[in-house]
Amino acid sequence: MLKMESKVTEHQEAVLDVLLEKVYRDSGYDFRGYRRGTVTRRLGRRMLTTGVKTYLDYMHFLDSHPEEYERFADYLTIKVSSFFRSPYTFKQVAALVIPQLLQSKKKQGDHCLKFWSAGCAHGEEPYSMAIMLADFLGEERSHYDIAIYASDIGSLDLNKLRSGIYSASDVEGLPRSLLDTYFLPEGDDYEVREDIRQMVRFFHFDLTSTLGQPLPGMDCIFCCNVLIYFQRQLQERVLEKLYNSLAVPGYLVLGEVETPTTTLLEKLECLDSKAKIYKRVRT
Ligand SMILES: C[S@@+](CC[C@H](N)C(=O)[O-])C[C@H]1O[C@@H](n2cnc3c(N)ncnc32)[C@H](O)[C@@H]1O
């Protein structure tokens, strides 16, 4: 009996491989290196919603409903986020990274600050980064040319992200002083202040892509709570890409439960192991 069950599982695994290949070939979305548990759970939910019973039937469903590829990508990527999601990390970035960064910029006579939120979900993270910088720099902000690049997989509506409109429940955890300073009430909602919105540049970018370096010379990259969905090999590939996008010095910030791979750890200096802040020190 046990043997039969494991046979069925093996067969399902094989069909799932074919399904993920098909999705990659037909849509470019590459979930082949995602953790299998996440894929089967999320796909299972989507199949329930569509009334499809087997992976094979779901492949037929994709053929007859091409718009389903977007839904599939949307279901497989978990977009839970919040403003200043990990307050300790933001506190430590403000305390450790920004002063060091400004000092080295001053030495180089460089006035550009380039940040990247890789896997930005609904924009809470890049807007938090912009608010953190605005709050830190105060009047001095006008001396700098600040760009916060914010990317996510293709299924997000960029215009919605750029509008910077959030519901009352989205901004619930924000300290009142930040809400009052950096947001404007918009009916029942809140709108991120225009000067903050202008610092953030949203674009679609799939981190699994094998195409060239997306953004070189980044001073600081946040890639939080994204790698946890990837298998080890994909984590390594993505981390290598992020590392190559960093300037020297450049700072990499990961999610609370994420760590760089051993190979990458050797190349980075750890600034705060709890806040998951790492520094690229070598060219
Ligand atoms: C749990 S959210 C984390 C959001 C934010 N970084 C944070 O920590 O609150 C994970 C994000 O990673 C994005 N993501 C997953 N796979 C991706 C990929 N291959 N390329 C780019 N973004 C991806 C998802 O769409 C989602 O927005």
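Residues numbered from 1 in each chain as written. Predicted model: local features only at pLDDT ≥ 70, side-chain atom pairs only at ≥ 80, totals over all residues. Heavy atoms only, no water.

## Details of the overall build of the chain
- Regarding its fold elements, the chain presents 11 helices and 10 strands.
- On C-alpha atoms alone, the chain measures out to a radius of gyration of 21 Å, which is about the 19 Å that the 2.2 N^0.38 rule sets for 283 residues.
- Counting only C-alpha atoms and orienting by the principal axes, one finds that the chain spans roughly 65 × 50 × 30 Å.
- Split into buried and exposed, the 283 residues of the chain put 49% on the buried side.
- Within the chain, residue pairs in contact and separated by at least 24 positions form 73% of the contacts whose partners lie at least 6 positions apart.
- By element, 52% of the accessible surface of the chain is carried by carbon and sulfur atoms, the whole surface being about 14,300 Å².
- Charge separation in the chain, taken as the distance between the mean sites of 36 positive and 40 negative side-chain charges, equals 5 Å. (Helix = DSSP H or I, 4+ residues; strand = E, 2+ residues; numbered from the N terminus. Rg over C-alpha atoms; globule rule 2.2 N^0.38 Å. Buried < 20%, exposed > 50% of the residue type's maximum accessible area, 1.4 Å probe, protein only. Contact = heavy atoms within 4.5 Å. Areas by Shrake-Rupley, 256 points an atom, 1.4 Å probe, with all protein chains shown as cover. Lys, Arg positive; Asp, Glu negative; His and termini not counted. Charge placed at Lys NZ, Arg CZ, Asp CG, Glu CD.)

## Description of the state of the cysteines
- Under the defined criterion, the tally for this structure stands at 0 disulfides.
- Looking at C223, it has no disulfide partner, and the nearest cysteine sulfur is the one in C224, 7.0 Å off.
- For C223, a relative accessible area of 0% puts it in the buried group.
- Classification of C224 as buried rests on a relative accessible area of 11%. (Disulfide = S-S within 2.5 Å.)

## Side note on the domain arrangement of the chain
- Considered domain by domain, the chain is made up of domain 1 (2-76) and domain 2 (87-280).
- Taking the mean C-alpha position of each, domain 1 and domain 2 sit 31 Å from one another.
- The interface is formed by 13 residues belonging to domain 1 together with 11 residues belonging to domain 2.
- For the domain 1 and domain 2 pair, buried surface summed over both sides reaches about 980 Å², with 47% attributable to carbon and sulfur atoms.
- In this structure, the connection of domain 1 to domain 2 is made through 0 salt bridges.
- Viewed at the interface, domain 2 and domain 1 are joined by 4 residue pairs in polar contact (both at pLDDT 80 or more).
- Looking at the side of domain 1 that touches domain 2, the elements with two or more residues in it are α2 (36-50) and α4 (68-76). (Domains from an automatic or database assignment. Buried area = accessible area lost by both parts, 1.4 Å probe. Salt bridge = Lys/Arg side-chain N within 4 Å of Asp/Glu carboxyl O. Polar contact = N/O pair within 3.5 Å; in protein donor to acceptor, adjacent residues only side chain to side chain.)

## A word on the side chain of R46
- In this structure, R46 sits in helix α2.
- Of the polar contacts made by the side chain of R46, one reaches the side chain of E68; its length is 2.7 Å.
- Discounting chain neighbours no more than four positions away, the residues touching R46 are Y58, E68, R71 and Y75.

## So, the sheet that holds strand β5 (residues 189-192)
- Reading across the sheet, the 3 strands line up as β3-β5-β4 and stay open at both edges, with antiparallel pairing between neighbours. Here the strands that pair on one side only, and so sit at the sheet edges, are β3 (165-166) and β4 (183-186).
- Strand direction decides the pairing type here: β3 and β5, joined by 2 bridges, are antiparallel. Residue pairing for β5: Y166 is matched across the bridge by Y190. (Pairing = 2+ DSSP bridges.)

## Comments concerning the packing of α2 against α4
- Where α2 meets α4, the closest approach of the two axes is 9 Å, and the angle between their N-to-C directions is 130°. Accordingly, the angle class assigned to the pair α2 and α4 is oblique. As for the relative orientation of α2 and α4, their crossing is right-handed in sense. Here α2 contributes T38, V39, R42, L43, R45, R46, T49 and T50 to the contact with α4, which in turn contributes E68, R71, F72, Y75 and L76. (Axes fitted to C-alpha atoms, helices over the stretch in contact; angles between N-to-C directions. Parallel < 35°, antiparallel > 145°, perpendicular 65-115°, else oblique. Left-handed = near helix turned anticlockwise from the far one by under 90°.)

## Observations regarding the site of the ligand
- As a matter of local geometry, the ligand sits amid 20 residues, with Y34, S81, G119, D152 and D206 nearest to it.
- Note that a nitrogen atom of the ligand is positioned 3.0 Å from one of the side-chain N or O atoms of E125.
- Across the complex, the protein chains shield 99% of the 600 Å² of accessible surface that the ligand would expose by itself.
- Considering only residue class, the shell around the ligand consists of 10 nonpolar, 5 polar and 5 charged. (Near = heavy atom within 4 Å. Nonpolar A, V, L, I, M, F, W, Y, C, P; charged D, E, K, R; others polar.)

## What to know about the pairing of strand β7 (residues 218-223)
- Across the 6 residues of β7, 6 count as buried, placing the element largely inside the fold.
- Direction of pairing for strand β1 (residues 112-118) relative to β7: parallel, over a ladder of 3 bridges. The residue bridging W116 from the neighbouring strand is I221, located in β7.
- Across 5 bridges, β7 lies against strand β8 (residues 246-254) in parallel orientation. Pairing of F222 across the sheet is with V253, part of β8.
- Chirality of the crossover, the property in question, places the unit of β7, helix α10 (residues 232-245) and β8 among those that are right-handed. (Right-handed = clockwise from strand over helix to strand, strands pointing away.)

## So, α10
- With 14 residues, α10 should cover 20 Å at 1.5 Å per step; its first-to-last C-alpha distance of 20 Å lies within 8% of that length.
- Where the residues of α10 are buried, they touch β1, β7, β8, α11 (262-265), β9 (268-272) and β10 (277-280). (Expected span 1.5 Å × (residues − 1).)

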